[in-house]
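Chains, contacts and geometry: an overview
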Amino acid sequence: MRRRRRQALLALTPAGHAALLADVAERDAWLASALAGLSETEREVLRLAGRLMDRLCDP
């Protein structure tokens, strides 16, 4: 079966771009705060989990 590859290009308006940047900044701040509350051992567990996830995704 042959699939057709269709693409749609999107462009953000200036207001949409600003909203996206604000959302990303808010998420980054939340993550930094959450990570700061973890112990070094907990942060290492997350690093190891990330490496394992990368291996699972690499065929």
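Structure shown above.
First, a word on what this report is: a plain description of the structure on this page. (Residues numbered from 1 in each chain as written. Predicted model: local features only at pLDDT ≥ 70, side-chain atom pairs only at ≥ 80, totals over all residues. Heavy atoms only, no water.)

1. Describing the overall build of the protein chain
Of the regular secondary structure elements, the protein chain holds two helices and zero strands. Scaling as 2.2 N^0.38, a compact globule of 59 residues should have a C-alpha radius of gyration of about 10 Å, whereas the protein chain reaches 19 Å, well beyond that. Counting the 59 residues in the protein chain, one finds 0% classified as buried. Per element, the accessible surface of the protein chain, about 6,200 Å² overall, is 60% carbon and sulfur. (Helix = DSSP H or I, 4+ residues; strand = E, 2+ residues; numbered from the N terminus. Rg over C-alpha atoms; globule rule 2.2 N^0.38 Å. Buried < 20%, exposed > 50% of the residue type's maximum accessible area, 1.4 Å probe, protein only. Areas by Shrake-Rupley, 256 points an atom, 1.4 Å probe, with all protein chains shown as cover.)

2. Comments concerning the environment of Leu-38
Its location among the elements puts Leu-38 in the loop between helix H1 (14-36) and helix H2 (40-57). Dropping the residues within four chain positions of it, Leu-38 is found in contact with Arg-43 and Leu-46. (Contact = heavy atoms within 4.5 Å.)

3. Looking at a nonpolar patch on the surface
Taken together, the side chains of Trp-30, Leu-31, Leu-35 and Leu-46 make up a nonpolar region of the molecular surface, amounting to roughly 410 Å² of accessible area. The greatest single-element share of the nonpolar patch, amounting to three residues, is contributed by H1. Along the polypeptide, Leu-46 turns up in helix H2. (Patch = residues over 30% accessible without salt bridge, like charges linked within 9 Å, V, L, I, M, F, W, Y side chains within 5 Å. Salt bridge = Lys/Arg side-chain N within 4 Å of Asp/Glu carboxyl O.)

4. Some words on the pattern of salt bridges
On inspection of all chains with the given rule, the structure shows four salt bridges. Residue Arg-47 pairs with Glu-40 through a salt bridge whose shortest N-O separation is 2.6 Å. Overlapping salt bridges bring together Glu-40, Arg-43, Glu-44 and Arg-47 as one network.

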